[in-house]
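# Architecture at a glance
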Amino acid sequence: QWEFRQRYIACRYLKSWFPLDLVSLIPFDLVSFLSASGSMSTAKVVKLVRLLRLLKLVRLCRTLRIFRHFELHMSITYGKLALLK
């Protein structure tokens, strides 16, 4: 079932994937700057950087799952799918 109400789509996105997308956009330069200021220990910074990389990977997996959905459930040719990617 497809949803076309933009307000509903936006609210659902804000409640589900938006926090993950927001955190995954934090630049790693900011993390290194904070660690240089002495407010965080080096081990915590390394763990935070790994977590951010993992979040970006989860975001990529979500995108690939959406493309697979289009590929399997809709009549999209591989040429059209390549253009979307």
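Model, not experiment: these values are computed from the prediction.

### Quick notes on the overall build of the protein
- Along the protein, the regular secondary structure elements total five helices and zero strands.
- Counting over 85 residues, the protein shows a buried share of 13%.
- Considering only contacts within the protein whose residues lie at least 6 apart along the sequence, 54% involve residues at least 24 apart.
- Accessible area for the protein stands at about 7400 Å²; split by element, carbon and sulfur atoms hold 65% of it.

### What about the packing of aromatic side chains?
- Taken as a whole and judged by the stated rule, the model has one aromatic pair.
- Taking the centre distance of 5.9 Å and the plane angle of 70° together, the rings of Tyr 13 and Phe 18 count as edge-to-face.
- By relative accessible area, Tyr 13 is classed as partly exposed at 33%.
- On the basis of relative accessibility, which here comes to 32%, the residue Phe 18 falls in the partly exposed class.
- Here Arg 5 stacks its cationic end above the ring of Tyr 8, 5.0 Å away from the centre of that ring.

The rules behind each value
Residues numbered from 1 in each chain as written. Predicted model: local features only at pLDDT ≥ 70, side-chain atom pairs only at ≥ 80, totals over all residues. Heavy atoms only, no water. Helix = DSSP H or I, 4+ residues; strand = E, 2+ residues; numbered from the N terminus. Buried < 20%, exposed > 50% of the residue type's maximum accessible area, 1.4 Å probe, protein only. Contact = heavy atoms within 4.5 Å. Areas by Shrake-Rupley, 256 points an atom, 1.4 Å probe, with all protein chains shown as cover. Phe/Tyr/Trp six-rings, centres within 6.5 Å; stacked < 30°, edge-to-face > 60°. Lys NZ or Arg CZ within 6 Å of the ring centre and 35° of its normal.

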